[in-house]
Each structure stands twice: as structure tokens, then as C-alpha cells.
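Chain residues, written in single-letter form:
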Amino acid sequence: MPQPASALRFAALPAQGSHDHEVVQWLLKRQCSLTPTQLGWLYVSLCCMSLGIAAFFWARGATLVMPFAWVELLAVGAAFLVYARHAGDREKIVLQGGQLVVELETAGRTQRSQFNREWVRVEPRDGDGSLIEVSGQGRSVQVGRHLRPELRPALAREIRFALRTC
């Protein structure tokens with residue numbers, strides 16, 4: 001049975017009329033100001049502008065400008081590539097029936113852990129503001145990377161509340 005929306009601040013509950021009333025889902029994603037596609041277009045425009053300026057000075061006799069422009073563009077391209085790989089990072093926590101499933105996606109790789117809801121423990125790892133450790137049956141996983149440190153204890157309380165009541 002779904003809980004009132006006021007009791008679950010971070011969770012997404014199933015839509016009314018849905019047959020899946022016993023599902024509670026938390027989706028924590030990285031806050032990105034640019035999508036990888038927008039970042040690609042920004043990089044192409046930066047390359048055009050930088051190489052255009054370098055070509056102008058190279059034609060005027062400043063031959064060392066062009067190699068430095070290429071080094072600059074390669075460094076910026078590498079930084080943009082790292083950013084784009086992690087733009088889709090997310091943490092998905094699903095409570096359904098007797099199972100709590102935690103999926104961590106980092107740089108395109110997904111790690112999935114499944115816990116029996118009666119045996120799972122949810123606690124901050126090292127105190128206030130630390131990552132939340134979900135453990136049980138000899139396994140543990142840390143969640144809350146994409147949430148501000150001061151909100152992590154509230155998320156841990158909410159997951160514990162859902163484990164007890166849903």
C-alpha cells in the first residue's frame with residue numbers, strides 16, 4: 001500500500017490506477033547542466049574558433065600557435081569526455097515485495113545488489129553527511145553520492161520507514 005506523499009520526500013510512488021501498488025522507487029541522478037550532446041556541440045564550436053584563430057596567427061608567421069592550439073583542444077576534449085561519461089551516473093533503489101534492489105550506474109557500468117527486506121540494514125557509514133550504507137546477507141553497498149550530504153540522513157530515515165511500513 002503506498003504511503004502518503006508527505007511521508008516519502010525522495011521516493012517515486014506508482015501512479016494511481018497502477019497494478020503495482022507495493023513498489024517504492026528512489027532515483028538519485030547526477031545534476032548536470034549540459035547533456036553529452038550539448039557538450040559535443042560546444043566542443044565543436046570551441047575547436048572551430050580556436051583553430052580559426054590559430055590559423056590566422058600561423059598565416060602571419062607565428063608558427064608555434066597551431067601546436068599549442070591542438071594541445072589545448074586535446075586537453076579540453078579529454079576533460080569533456082570524462083564529464084560526458086559520468087553525466088548519466090545514477091543510483092536506483094527499488095523496494096518491491098520482499099526485496100530491496102540497489103542499482104548503481106557509473107560511467108556506463110551497472111552494479112546491482114539485491115537484499116531481503118527483513119535482513120537489510122540502512123545506516124550512514126561514518127556519521128552525519130557520510131554515504132548511506134545498505135547492508136545485509138554479507139553484502140553492502142553505499143548510496144547517496146548524488147545527494148547533498150545534509151540530505152543523506154533524511155534519505156536513510158525514509159528508506160528505513162519504507163522498509164518497515166510498505
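The following refers to the structure shown.

### Side note on the sheet that holds strand 8 (residues 139-143)
Across the sheet, which stays open at both edges, the three strands sit in the order 6-7-8 with antiparallel pairing between neighbours. Two strands bound the open sheet, and with one partner strand each, they are strand 6 (121-124) and strand 8. Taken over all neighbouring pairs, the strand axes of this sheet differ in orientation by 25 degrees on average, direction set aside. This element, helix 3 (residues 152-165), spans strand 6 and strand 7 (132-136) of the sheet and lies at about 165 degrees to strand 6.

### Overview of the environment of Lys92
Mapped onto the secondary structure, Lys92 falls in strand 3 (residues 90-96). Looking at Lys92, the relative accessible area reads 23%, which means it is partly exposed. For the pair Lys92 and Lys29, spaced 63 residues apart in the sequence, the C-alpha separation amounts to 8.5 Å. Those residues in contact with Lys92, other than ones at most four positions away along the chain, are Gln25, Trp26, Leu27, Val101, Val102 and Glu103.

### Quick notes on helix 1 (residues 36-59)
For helix 1, built from 24 residues, the straight-helix expectation of 34 Å at 1.5 Å per residue is met to within 8% by its first-to-last C-alpha distance of 34 Å. Looking at the buried positions of helix 1, the neighbouring elements they touch are helix 2 (65-86). Looking one or two places after helix 1, you find Gly61, whose phi comes out positive at around 110 degrees.

### Quick look at the packing of aromatic side chains
Tallied over the full model, the rule gives two aromatic pairs. With 6.0 Å between their ring centres and 75 degrees between their planes, Tyr43 and Phe80 make a pair best called edge-to-face. With Tyr43 in helix 1 and Phe80 in helix 2, this pair connects stretches of sequence that are 37 residues apart. With 5.3 Å between their ring centres and 80 degrees between their planes, Phe56 and Phe57 make a pair best called edge-to-face. Overall, Phe56 belongs to the partly exposed group, its relative accessible area being 44%. Over the ring of Phe115 we find Arg139; its NZ or CZ atom is 5.2 Å from the centre of that ring.

Calculation notes
Residues numbered from 1 in each chain as written. Predicted model: local features only at pLDDT ≥ 70, side-chain atom pairs only at ≥ 80, totals over all residues. Heavy atoms only, no water. Pairing = 2+ DSSP bridges. Helix = DSSP H or I, 4+ residues; strand = E, 2+ residues; numbered from the N terminus. Axes fitted to C-alpha atoms, helices over the stretch in contact; angles between N-to-C directions. Contact = heavy atoms within 4.5 Å. Buried < 20%, exposed > 50% of the residue type's maximum accessible area, 1.4 Å probe, protein only. Expected span 1.5 Å × (residues − 1). Phe/Tyr/Trp six-rings, centres within 6.5 Å; stacked < 30°, edge-to-face > 60°. Lys NZ or Arg CZ within 6 Å of the ring centre and 35° of its normal.

By themselves these figures say nothing about function.
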